[in-house]
Structure formats: structure tokens, C-alpha cells
Amino acid sequence: MKEKTKNIISNFEIKCLSIVKFISLFTAYCILFTNYSFSQTATATVKEKEYLIGDWIPVDLFVSASSNNKVAFPNLKDSISETIEVANFTPIDTVKKGGENQYHQLVNLIVFDTGQIQLPQFQFLVNNNGTVDSITSEAILVHVAGVKIDTSKDIIPIKEPLKIPYTFKEILPFAIVFIVFAIFVGLLVWFIIKRKKKPVPIDEKYLLAPHVWAFKELEKLEKEKVWQQNIKEYYSRLTDVARTYIELRYKLPAMEQTTEELMQSMHKGIVKQAFKKELNEVLTLSDFVKFAKAQPDFIENENSMKIVKNFITKTKQLEEEKKPINN
Amino acid sequence: MESIDIKALNEKIQQNSAFLDLLNLEISKSIVGQKYMIERLMIALLSQGHILLEGVPGLAKTLAIKSLSDAIDTKFSRVQFTPDLLPADILGTMIYNQAKSNFEVKKGPIFSNFVLADEINRAPAKVQSALLQAMQERHITLGDSTYKLEEPFLVMATMNPIEQEGTYNLPEAQVDRFMLKVKISYPEFEDERTIMRQNVSGHNPNIKPVISAQTILQARDTVREVYMDEKIEKYILDIVFATREPVKYKIDNLKHLISYGGSPRASISLAMASKAYAFIKRRGYVIPEDVRAVAHDVLRHRIGITYEAEAENITQENIIDTILNRVEVP
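Residues numbered from 1 in each chain as written. Chains lettered and ligands numbered in written order. Predicted model: local features only at pLDDT ≥ 70, side-chain atom pairs only at ≥ 80, totals over all residues. Heavy atoms only, no water.

1. Points about the overall build of chain A
- Along the backbone of chain A there are 9 helices and 11 strands.
- A burial count over chain A gives 30% of its 327 residues as buried.
- Sequence separation of 24 or more characterises 63% of the internal contacts of chain A that already satisfy a separation of 6 or more.
- Accessible surface computed for chain A: about 23,400 Å², of which carbon and sulfur atoms make up 61%. (Helix = DSSP H or I, 4+ residues; strand = E, 2+ residues; numbered from the N terminus. Buried < 20%, exposed > 50% of the residue type's maximum accessible area, 1.4 Å probe, protein only. Contact = heavy atoms within 4.5 Å. Areas by Shrake-Rupley, 256 points an atom, 1.4 Å probe, with all protein chains shown as cover.)

2. With respect to the overall build of chain B
- Helix and strand counts for chain B come out as 14 helices and 11 strands.
- Within chain B, counting contacts between residues at least 6 apart in sequence, those at least 24 apart form 79% of the total.
- Accessible area of chain B: about 15,800 Å², with a carbon and sulfur share of 51%.

3. Here's the deal with the nonpolar core
- Within the largest apolar cluster, 81 residues are counted, with the highest numbers of intra-cluster contacts made by F19 and L68 of chain B.
- No other element matches helix α11 (residues 264-280) of chain B, which puts 10 residues into this core.
- Beyond its immediate chain neighbours, meaning those up to four positions away, F19 of chain B contacts M42, L46, I211, T215, I216, A219 and F279 of chain B.
- Counting 33 residues, the second largest nonpolar core, distinct from the first, contains V226, I231, V271 and V289 of chain A. (Core = buried A, V, L, I, M, F, W, Y, C linked by side-chain atoms within 4.5 Å.)

4. Comments concerning the packing of aromatic side chains
Residue and element names in this part refer to chain A.
- The tally for this structure, following the rule as stated, stands at 7 aromatic pairs over all chains.
- Between F73 and Y103, the aromatic rings sit 6.3 Å apart at their centres with planes inclined by 70°, giving edge-to-face as the arrangement. Separated by 30 residues along the polypeptide, F73 in the loop between β4 (70-72) and β5 (84-89) and Y103 in strand β7 (residues 100-111) bring together distant segments of the chain.
- Looking at F73, the relative accessible area reads 13%, which means it is buried. (Phe/Tyr/Trp six-rings, centres within 6.5 Å; stacked < 30°, edge-to-face > 60°.)

5. Let's talk about the packing of helix α2 (residues 19-27) of chain B against helix α4 (residues 61-72) of chain B
Residue and element names in this part refer to chain B.
- Close contact between α2 and α4 brings their axes to 9 Å; oriented N to C, the two are set at 130°. For the element pair α2 / α4, the angle class is oblique. In terms of crossing hand, the pair formed by α2 and α4 is right-handed. Facing L23, E26 and I27 of α2, the residues of α4 in contact are S67, L68, A71 and I72.
- Across the contact of α2 with α4, the residue classes break down as 5 nonpolar, 1 polar and 1 charged. (Axes fitted to C-alpha atoms, helices over the stretch in contact; angles between N-to-C directions. Parallel < 35°, antiparallel > 145°, perpendicular 65-115°, else oblique. Left-handed = near helix turned anticlockwise from the far one by under 90°. Nonpolar A, V, L, I, M, F, W, Y, C, P; charged D, E, K, R; others polar.)

6. Here we look at the interface of chain A and chain B
- At the junction of the two partners, chain A supplies 14 residues and chain B supplies 20 residues.
- For the pair chain A and chain B, the summed buried area comes to about 1,500 Å², and 55% of that belongs to carbon and sulfur atoms.
- For chain A, the biggest contributors to the area lost against chain B are E256, F291 and K293 of chain A; these three give 46% of the whole.
- At the boundary of chain A with chain B, the tally comes to 2 salt bridges.
- As a salt-bridge pair, K232 of chain A and D229 of chain B come within 2.4 Å of each other at their nearest N and O atoms.
- Elements that contribute at least two residues to the side of chain A that touches chain B include exactly α6 (231-250), α7 (259-265) and α8 (273-292) of chain A.
- Examining the composition of the side of chain A that touches chain B, we find that 4 residues originate from one element, α8 of chain A, more than from any other.
- Tallied by class, the residues present in the side of chain A that touches chain B amount to 4 nonpolar, 4 polar and 6 charged. (Buried area = accessible area lost by both parts, 1.4 Å probe. Salt bridge = Lys/Arg side-chain N within 4 Å of Asp/Glu carboxyl O.)

7. Quick look at the pattern of salt bridges
- For the coordinates displayed, the defined rule picks out 28 salt bridges over all chains.
- Its salt-bridge partner being E222 of chain A, residue K309 of chain A comes within 2.9 Å of it at the nearest N-O pair. Highlighted residues: K309 of chain A in helix α9 (residues 298-326) and E222 of chain A in helix α4 (residues 210-223), separated in sequence by 87 residues.
- Across the salt bridge formed by K12 of chain B and E225 of chain B, the nearest N and O atoms sit 2.7 Å from each other. Of this pair, K12 of chain B sits in helix α1 (residues 6-16) while E225 of chain B sits in helix α9 (residues 213-225), and the two are 213 residues apart along the sequence.
- Under the relative-accessibility criterion, E225 of chain B is labelled partly exposed at 36%.
- Salt bridges sharing common partners tie together E39, R40, K281, D297, R300 and E317 of chain B.

8. What about the sheet that holds strand β2 (residues 50-52) of chain A?
Residue and element names in this part refer to chain A.
- Taken in spatial order, the 3 strands make up an open sheet running β2-β11-β8, and their pairing is mixed. Lying at the two open borders of the sheet, with one neighbouring strand each, are β2 and β8 (115-119). Strand after strand, the sheet turns through a mean of 40° between neighbouring axes, direction not considered. (Pairing = 2+ DSSP bridges.)

9. Side note on unusual backbone geometry
Residue and element names in this part refer to chain B.
- Residue P152 is reached from E151 by a cis peptide bond, and omega for that bond is -5°.
- Positive phi is not limited to glycine here, since E119 has a value of about 55°.
- When you line up the elements, E119 lands in the loop between β5 (114-118) and α6 (125-137).
- The residue R138 is not glycine, and still its phi comes out positive at about 60°.
- Structurally, the position occupied by R138 is in the loop between α6 and β6 (139-142).

10. With respect to the packing of helix α3 (residues 35-46) of chain B against helix α12 (residues 288-299) of chain B
Residue and element names in this part refer to chain B.
- Running from amino to carboxyl end, α3 crosses α12 at an angle of 85°, the nearest separation of the two axes being 12 Å. Considering the angle they form, α3 stands roughly perpendicular to α12. Residues Y36, R40 and I43 of α3 form the contact with α12, whose participating residues are A293, V294 and D297.
- Grouping the constituent residues of the contact of α3 with α12 by class yields 4 nonpolar, no polar and 2 charged.

Given below as C-alpha cells:
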């Protein structure tokens, strides 16, 4: 009886010991291999299995990994294969759940083929303290249908692009340019009108009769008593009046001609030789004063003035006598 | 301001310019009907300038400068410019003397008082450059030594306006160094008859020296003394500035015809040539007529014309005429 009891105890002890052993090993496993307690999963899913050619196929990429790990999603380009293109994709969305991170990315693919199409596997890289593992999603099979063409009907032309009404945002830059341009044109017109309105000063010599202007200038010269102060200026002004008078009266470029050239221009048909001879004397004397420092006496100065006045009076009379005949 | 006695200056000029009659008389023994060219040669000689002659062959260009040289008792040399000419052919070079075991200077034809550079545009740029540099600086460096050119020094270069093939056009910067560019035309009918008779008879007049080089140098000093009033100075500057900025002088129609105007050297040359012209006319002061008389010769090679001007057959002469007719005379 005692032996039987002994055997029963030993069996019970053995069972207890094996349970304790299991619990100890499990605890040790949990403590030592915490990092590997979460499984790394990667999936790629689509909501539907039927699509039309050219449709966006939204593929949901999902990765679940430990928060200690770093996950790299596939680097998506414009196209995956000849018939599958990437339309767009969202940024990676990370959700923390306990000790793991869940990553989501929505990738819109377009398939330009029909039939059963296998969307490729997506490969993700998981970096676990320097150790890089790769996990791959499963391939997805979708059916892509083509557009049914009704061959019994005629081919109709391509539809015009839809006309979308302009928004204020779109119109604004053009409106600003137009307003600025309108302001610029307005200012330009205003400036031109203002400038036109401004009276352009017309030289008195073109307003008065040549002899009237000439006598007025000579009178001014006498009143200012120029020859008493600056003989050179006196003769310069005196000859300038005579030359300008000739220019206005006979339309000769007297101001741009030398004395000799002027005398040649005033040939017999224009001015009587007697008038010309006296004027030549004054112009020659004036050249001496202006260019050769000549100092004529006061009699010559007054005489020069008389000759110029005389020339203007006589030529004026001559021109007036000519007028009725011409008319 | 310096006081100038014009009367005394006039008398001085009357005395110092008396040699001009003698010179003209002597030169006219061999040169007929080229009074204009002789007068321009005298202007260049008296105002220390150089002269560029443009004219067809056979217009007595060489004879004119040779006669001038003979009449002044100076050295004359002639260089025929060819494509294979080298600077040393004009300036001279160092030659090794075996007997003395040293290098000796062999002076070139430029070491003369009057140098005729015949058909200057037939030589390449390096030769033209060598000559024009000597003209400007009036000294030559051979080896380690620099030699001053003997005064009076006058270069008369010729250019043939007809044949342009195989020629090297003088660059604008170098043409500018010539004080005057004179265009020579054919002699008058009666003058040509005299030339023909003179040559057919075989009578070669012997030109004798009538004045010395010293007389010319003295005359040059007197030319510098010729009085130029401020008004004339302004007139000269107005003319030169009108070649640069015609719009400023209300000659708008010239704006698109002129590519570049006269340089400051044009103003200097116009002033000096006007003084020399006044001297030749036995005057101690410059008048606007003097400026106008030399304006074409001073400015024609200093004004650049545009393609538009060429297309419209407008020449430098037309431009100068327009400017002279539009700029106010003082």
C-alpha cells in the first residue's frame, strides 16, 4: 500500500514538474525573444475584382511590423510594367497599435490591357536593428474588361472638351494686367494731350514781318549801348540781325554761310548790287572785329548800323513794290 | 588772356610767307594743273601733318612730292608698297659687319625729309603699322638705339581707288593719323594740253632748291602763332561734333548714315590745317572760310558711313557738305 502511494506521488510530482518546466520555458521565451513576439505581415488588397480598362485600381498596401523596426515601402515609378501604370499614390499612413506599427499606402494603378491581369507583388524592407529582412505581398488577380464597341452603329467624332466656366481666381491675373494696361494708356493719352495743349514757344522772328523784327532787334542793340561795352558782341549781333533778315526775306541759308558765300548767293536777280556792296563792307568789317581783333572807331560803328538799317529799308521797299506785280 | 597784336602778326606772316611764291613758281615748272594738290601738300608740310592722296595713276603725284623736295633742298625717298614688303625694308635694320665683328645700322628709306609711300594699301598691316607709327612718333628704334627723324618730315601716301583686289585697307585708327586725305582729279583740258606738249618736247625742267629746310621750320612756328578766335574754335568743334551727334545739331537725316564721327585728332587737324591755310593766304588770323576750305580734306577719312548710306550712294563728301551747310557760321 505504501509503495502504491509512493508511486502515485512520484507520478503526480513528475506531472507538476513538467508543467512548471513548461511555464518556466515559456516565460523565458517571452522575456528573451520579445522582439520576435509580433509577426511582420505585408498585404496588398483591392476592393473589387472587376475593372474597366483605364480605370483606377486602388491597391491598399498594408504592413504590420514591430514599432522598433523601420519599414521601407517600394519606390514607385510612373509604371510598373508595360501595361500597368501608376496613376498616383498617397503618403504612407502610420498607426501605432500596442507594440506594433501599422503602415498603409493607397496606390492607384491603371491597367491598359484586358483579361485576367495579375497585379505584381510588392516588396517591403524591414530593418530590425541592422538586420534587413524583406517581406512581400501576394500577387492580386483582377479582371480588366474592355469597352464594348457597338459595331452596328456609325463611328461618331470625338467629343469636344467640356467647357468649364472660368473661376474668379483664373480671371484675376488677366483683369489686373488689363487694368494696369488701361491705366498706362490713359496716362499716356493724358500726357500727350497735356503736352499738345502746352503752347510751343514760337520765335518772334517767325511771327513778325522780317523788317519789323530786324528793326526791333537793331533798336534793342542801340539802346543797350553794346558797342561801348563789347565791340565784338556788337558786331556779332549786328551781323546776326542782317543775316537773319536775309534768311527770312530771301529764304537763303545766310546763317550757315560765310560772308563770301553770302555775297555770291545774293546775285543780281535777288538784291541790287549797290545795296549788296555796302552790306559786304559791314560784314567784312564785322569779320575783322570777330576774328582778327579789329577795333573800329565809333564813326565806323554807327555807320555800320546805318548801313544795315538802310539795307533793310531799301530791300523792304523793293519787295513791297514787287508784290502788286506778282499778285 | 594773352594779348595778340594782329597787325604785327600780319606783317610777320607777310614776311615769313614770302617763300611760298618762290616755291610755287619753282614747282609750277614741272607740275601743271595740280594747284589744289600742291596747296594741300603745303598745308600738311606747314602744319606738321602727313597726307594721303587718292587718285588714279598718272596724275603727277610722285612728281609733285619730288619737285617739292627738290625745291626745298631736302632728302626724298620713295617706297613702292608691295605684298611682300617687310617693316625692315622701310625702317632699316641691323647688319652684321664681318670685318669689324659688330652689327651696323642700315637705315631705311624713311630716314628722309619727304617720303612717298606709293600704293600704301598694297602692303600688309604690319608694314603699314610700322610706317604709321614712325609718322606719329617721328623716331625709329633699331636695335638698342632710337633715331629721331629729321625735320621737316612729311609722308605722302597714295592709294589707287580703282583696283581693290589684293589690297589691305588701312584700318580707321591708322587712317586717322593722316592729317589730310586729298582726292586728286584729272587736270583741266588746257592744263593737260600743256602737260602733253611739255612731255612730247622732251623738255624736263630742272627744279632747283629755292628755300632751305630751316625756312619751313621757321614758317611752322609762325603758323602756330596765327590767331584763332574763340568763335572759330567753337565753329571747328561744332563741325566735328556734328559728325558724331548730328541730331544735336538738328541734322536728323544724317543719324542713320554715320557709323562713327571725327576723333579729337580731327579737331586738332582741322584747327592746324585752318591756320596753315590762313598762312598760305597771308593772313594772321583764321576766318570761317579757312575752316570750310580744309574741312573736306580733314574729315573725309575720319567719318564712317553705314550700310544704309552705301545703299543710298551717300558718301562722306555728301555728309560733310550737309554738315557745313547746316552748322551756323560765326
